[in-house]
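Secondary and tertiary structure notes
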Amino acid sequence: MQIAEPLLIAIEELSKLPGIGKKTAQRLALYILKTDQDSVDNLVKAISDLKTKLHFCTRCFNLAEDDLCDICKSTKRDTTKICVVEEASDVMAIEKTNEYNGLYHVLGGVLSPLSGVTAHDLKIKELLLRFDKENISEVILALNPDTEGETTSLYLARLIKPLNIKVTRIARGIPIGGDLEFADEATIGRAMLNRIDL
Amino acid sequence: MILSGLSLRNFRTHKNVTLNFSKELNYIVGGNGQGKTSLLEAAYYLCTTKSFNSKDIESVTFYENEFEIKGIFKDITEDKIRLIFSVPENRKYYFQNDKLISRSSQIIGRFPVVILTPSDHSITQGAPSERRKFIDSVISQASSSYLEVLLDYNKTLKHRAVVLNLLREKKTKQLETELDVWTAQLIAYGLDLINYRQNFLNNFNKYVLDSYHKIVEDKEVPKIEYFYLDGNETHDIKKKFDKLIFDKREEEIRRAINLVGPHKDDFVFTINKINLRTFGSQGQHKTFQTALRFAEFFYLKDTTGKTPIFLLDDVFGELDAYRAGKISNYLKEVGQAFITLTDFADFSFLAKEENDLIIKLDKGNISYA
């Protein structure tokens, strides 16, 4: 089959994106080909700006346009609490809830020796340094509840507890608005274990 | 649940066959190489999407591009299952009522199956890993939480082995702490596993005893004894686990392997408290293996509430007529089962009933009796 080279390249590049297969890439490429020049320019600029305008906050490693991210810059946040998360996308997820008003710290992953990630590959040293400079009274661990996330939480707790800082971990249980009968057994089992007094 | 029929295309020696089954016992008879075991394999494929003895590609008839297995499961409702394996794509397609199912987790456990094959000899005669595999597979089928813990435990073992290896190369404070937390995790999951296995065996031993006595009517008492953490005392397992792993720490680092935990457990099969593996006769081994599969069948039936289909490959081969007759009788309590027999055997021991079916395979021809 003969395909024009620019189209072929576009398909190849698009199919490198997560969740995009060859067929979807072809559909996207043909769609882009049909749209007007302005829209294409906007798309190109948006993608390019992502890389040039955004980088990591020097304090918490969240996404930032300047040295510090908007959350670290804000004067309205509770600066005695740090919520530790795996990736910047987790910050966005927690921010959407409007339930948390403290600061964050993005680890950039979790301990996973099998994939070559040990403690010094994560922003753990940077987190510990923050305790010297900032007045932190509580660290909230909000890592994914899988083996690697749990082990990382355990690791952080071991380092932080001796500093006389309160360490908590987010609760886990049945999703709000979810049906008990559709929740998986592990979730229900854990929710049973972590039940609370009424 | 029963499998009421099976159609095979390009599946091993079966170019194109369609079979109907009895909802009770189906005796599959034929000489060597006529495709008796392939029929069991096909049924197993429909239940699990996998073969019990080979790779997918080995099941395709020579010079063909794909095999296809179709079957109908009847319960309260009817499910038409179709499985295709394509050689060029190296891919399996599984359809339930013409709907493509892509996740095997949606299939496994839906049509429960228990299989007894000659390779079961490794359960009683082979290495401890064979016995762990058997025990793990029975518990996992009945409890998905067990399977989750087992997977988490195995993952933790792999992570921890990497940390041990890093520590062997270079000792740092940071790596020591990392080892500590992986150890804590290993102990947490490990205690869960030990606890599950203990509870399971307390229950399962009754099934083994029951099944064994259906096959041999004497005073032999079979038992599965559980050995964990270098022994089987039950008081304060956690303390023992902590101590063992603490004592072995240096050796673990030196060899960069996990030396302590339920991945080292063994299950010792005994008859009248005597170790089967060391002192058992061939007949006792075969009887024990058979009893284990019957026990698995009834255990799964009771705990999951679903009746598995039972596949028995060449079960009568090494048994005397007395035991074979007993098994044949015992099978009546099962429900649907598929039993292969070589054609030169003397069938006089078979307690065949009206609804049972004898399916004869001869050079691609199929006849019923």
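Residues numbered from 1 in each chain as written. Chains lettered and ligands numbered in written order. Predicted model: local features only at pLDDT ≥ 70, side-chain atom pairs only at ≥ 80, totals over all residues. Heavy atoms only, no water.

1. Brief notes about the overall build of chain B
Stated precisely, the cut-off is as follows: Only DSSP runs of H or I covering at least 4 residues are called helices, and only runs of E covering at least 2 are called strands; the numbering of each starts at the N terminus. Both definitions apply: the radius of gyration is a C-alpha atom measure, and the globule rule equals 2.2 Å times residues to the power 0.38. Only heavy atoms matter for contacts: two residues are in contact if any of them lie within 4.5 Å across the pair. A 1.4 Å probe and the Shrake-Rupley method give the accessible areas. Residues count as covered only by the protein chains that appear here. The charge count treats Lys and Arg as positive and Asp and Glu as negative. His and the chain ends do not count. A single reference atom marks each charge: NZ on Lys, CZ on Arg, CG on Asp, CD on Glu.
When helices and strands are tallied, chain B shows ten helices and 15 strands. Against the 2.2 N^0.38 benchmark of 21 Å for 369 residues, chain B shows a C-alpha radius of gyration of 23 Å, consistent with a compact globule. Along the first, second and third principal axes, the C-alpha atoms of chain B reach 70 × 55 × 35 Å. Nonlocal contacts in chain B, meaning residues at least 24 apart in sequence, comprise 68% of its contacts between residues at least 6 apart. Accessible area of chain B: about 17,400 Å², with a carbon and sulfur share of 50%. The averaged location of the 50 negative side-chain charges in chain B is 3 Å from the averaged location of its 52 positive side-chain charges.

2. A closer look at the side chain of B:Glu296
Residues and elements named next belong to chain B. Selection criterion: Type-normalised accessible area, obtained with a 1.4 Å probe on protein chains alone, sets the label of each residue: buried when under 20%, exposed when over 50%, and partly exposed for intermediate values.
Its location among the elements puts Glu-296 in helix H9 (residues 282–304). The exposure class assigned to Glu-296 is buried, which follows from its relative accessible area of 2%. Discounting chain neighbours no more than four positions away, the residues touching Glu-296 are Val-114, Phe-134, Val-138, Gln-141 and Phe-204.

3. A few points about the domain arrangement of chain A
Interfaces are often sized by the accessible area lost when the parts come together. Filter applied, for reference: For the domains described, the bounds stem from an automatic or database domain assignment.
Domain annotation of chain A identifies domain 1 (5–53) and domain 2 (68–197). Look at where the C-alpha atoms of domain 1 of chain A and domain 2 of chain A centre, and you get two points 35 Å apart.

4. A word on a nonpolar patch on the surface
Applicable threshold: In this analysis, a patch consists of residues with relative accessible area above 30% that form no salt bridge, clustered at 9 Å for like charges and at 5 Å for the nonpolar side chains Val, Leu, Ile, Met, Phe, Trp and Tyr. Salt bridges are defined by distance alone: a side-chain nitrogen of Lys or Arg within 4 Å of a carboxyl oxygen of Asp or Glu.
A cluster of nonpolar side chains, namely A:Phe56, A:Leu63 and A:Met92, defines an oily patch on the protein surface of about 300 Å² accessible area. Its location among the elements puts A:Met92 in helix H5 (residues 88–97).

5. Quick word on the sheet that holds strand E13 (residues 337–342) of chain B
Residues and elements named next belong to chain B. The condition that has to hold: Criterion used throughout: strands pair if DSSP finds at least two bridges between them. Working convention: axes come from line fits to C-alpha atoms, limited for helices to the stretch in contact. Angles between N-to-C directions cover 0 to 180 degrees.
Spatially, the six strands line up as an open sheet ordered E8-E12-E13-E3-E14-E15, and their pairing is mixed. The outermost strands of the open sheet, each flanked by one partner alone, are strand E8 (113–116) and strand E15 (365–368). For this sheet, the mean inter-axis angle between neighbouring strands, taken without regard to orientation, is 20°. Taken together, the four bridges between strand E14 (residues 357–362) and E15 define a ladder with antiparallel strand orientation. Bridged to Leu-361 within E15 is Ile-366. Against the sheet, helix H1 (residues 36–48) engages strand E3 (25–30), E8, strand E12 (309–312), E13 and E14, with an angle of about 160° to E13. Packed on one face of the sheet, H9 meets E8 and E12 and runs near 175° to E8.

6. Comments concerning H1(B)
Where we set the bar: The span you would expect from a helix comes to 1.5 Å times its residue count less one.
Between its first and last C-alpha atoms H1(B) spans 19 Å; for 13 residues at 1.5 Å apiece the expected length is 18 Å, and the two agree. Every buried residue of H1(B) is listed here: B:Lys36, B:Ser38, B:Leu39, B:Leu40, B:Glu41, B:Ala42, B:Ala43, B:Tyr44, B:Tyr45, B:Leu46, B:Cys47 and B:Thr48.

7. Structural notes on the nonpolar core
Applicable threshold: The set of buried Ala, Val, Leu, Ile, Met, Phe, Trp, Tyr and Cys residues whose side-chain atoms join them within 4.5 Å is what this entry labels a nonpolar core.
Of all hydrophobic cores here, the largest spans 67 residues; its most connected members are B:Phe204 and B:Leu331. When residues of this core are assigned to their parent elements, the largest contribution, twelve residues, is made by helix H5 (residues 173–215) of chain B. Among residues more than four places away in sequence, those in contact with B:Phe204 are B:Phe134, B:Val138, B:Ile224, B:Leu292, B:Ala295, B:Glu296 and B:Tyr299. Judged by nonpolar contacts, the second largest core, of 46 residues, contains A:Cys69, A:Cys83, A:Leu156 and B:Val181.

8. Re the interface of chain B and chain A
Quick reminder of the rule: Buried area: the sum, over both parts, of the accessible surface (1.4 Å probe) that disappears when the two are put together. Nitrogen and oxygen atoms within 3.5 Å of one another constitute a polar contact, given that in protein one can donate a hydrogen and the other can accept it, and given that sequence-neighbouring residues count only through two side-chain atoms.
At the junction of the two partners, chain B supplies 20 residues and chain A supplies 17 residues. Its largest share of buried area at the contact with chain A, chain B owes to B:His159, B:Val181 and B:Trp182, together 29% of the area lost on that side. Where chain B meets chain A, there are two salt bridges. Between B:Asp180 and A:Arg158 there is a salt bridge; the shortest N-O distance is 4.0 Å. The interface formed by chain B and chain A contains seven residue pairs in polar contact (both at pLDDT 80 or more).

9. Remarks on the environment of B:Ser328
Locating B:Ser328 in the fold gives a position in helix H10 (residues 321–330). Sequence-wise, B:Ser328 and B:Asp247 are 81 residues apart; in three dimensions their C-alpha atoms are separated by 52 Å.

10. Here's the deal with the packing of aromatic side chains
The line we're drawing: In this analysis, rings of Phe, Tyr and Trp, with Trp reduced to its six-membered ring, are considered paired at centre separations within 6.5 Å, and the interplanar angle assigns stacked below 30 degrees, edge-to-face beyond 60, and tilted for intermediate values.
One pass over the full model with this rule turns up 24 aromatic pairs over all chains. Counting every residue linked through ring pairs, the aromatic cluster contains B:Phe134, B:Phe200, B:Phe204, B:Tyr207 and B:Tyr299.

11. A look at H5(A)
Residues and elements named next belong to chain A. Under the convention used in this document: For this quantity, the arc is that covered by the directions from the helix axis to the C-beta atoms.
When we look at burial in H5, the residues that qualify are Ala-88, Val-91 and Ile-94. Down the axis of H5, the buried set is contained in an arc of 115°. They therefore lie on one face. Each element contacted by the buried residues of H5 is listed here: strand E2 (63–64), helix H4 (70–73), strand E3 (78–85) and strand E4 (102–106). Phi turns positive, to about 60°, at Asn-98, one or two residues after H5.

12. Comments concerning the packing of helix H6 (residues 124–133) of chain A against helix H7 (residues 147–160) of chain A
Residues and elements named next belong to chain A. Quick reminder of the rule: Each crossing gets its hand from how the near helix is turned against the far one by less than a right angle, where anticlockwise is left-handed and clockwise is right-handed. For this classification, Asp, Glu, Lys and Arg are treated as charged, while Ala, Val, Leu, Ile, Met, Phe, Trp, Tyr, Cys and Pro are nonpolar and the rest, including Gly, are polar.
Axis separation between H6 and H7 bottoms out at 12 Å; the angle between their running directions is 35°. As H6 runs across H7, the sense of the crossing is right-handed. Of H7, the residues touching H6 (which contributes Ile-124, Leu-127, Leu-128 and Phe-131) are Tyr-155, Leu-156, Leu-159 and Ile-160. Among the residues forming the contact of H6 with H7, the class breakdown is eight nonpolar, no polar and no charged.

13. Quick notes on the pattern of salt bridges
Summed over all chains, the structure comprises 37 salt bridges over all chains. Salt-bridge contacts for B:Asp120 lead to B:Arg293; the nearest nitrogen and oxygen are separated by 2.8 Å. Taken together, the positions of B:Asp120 in the loop between E8 and helix H2 (121–125) and B:Arg293 in helix H9 put the pair 173 residues apart, joining distant regions of the chain. Taken as a pair, B:Asp120 and B:Arg293 share a single burial class, namely buried. Residue B:Asp266 is joined to B:Arg131 by a salt bridge in which the shortest nitrogen-to-oxygen separation is 2.9 Å. Separated by 135 residues along the polypeptide, B:Asp266 in strand E10 (residues 266–271) and B:Arg131 in helix H3 (residues 128–142) bring together distant segments of the chain. Comparing B:Asp266 with B:Arg131 shows no difference in burial state: the two are buried. In this structure, a network of salt bridges that share partners links the residues A:Arg158, B:Glu176, B:Asp180 and B:Arg249.

14. Examining the pairing of E14(B)
Residues and elements named next belong to chain B. Pairing analysis gives five bridges linking E3 to E14, with the strands arranged parallel. Within E14, the position partnered with Gly-30 by the bridge is Leu-361. Between E14 and E15, which pair antiparallel in sequence order, lie two residues; one of them, Lys-363, sits at a positive phi of approximately 45°.

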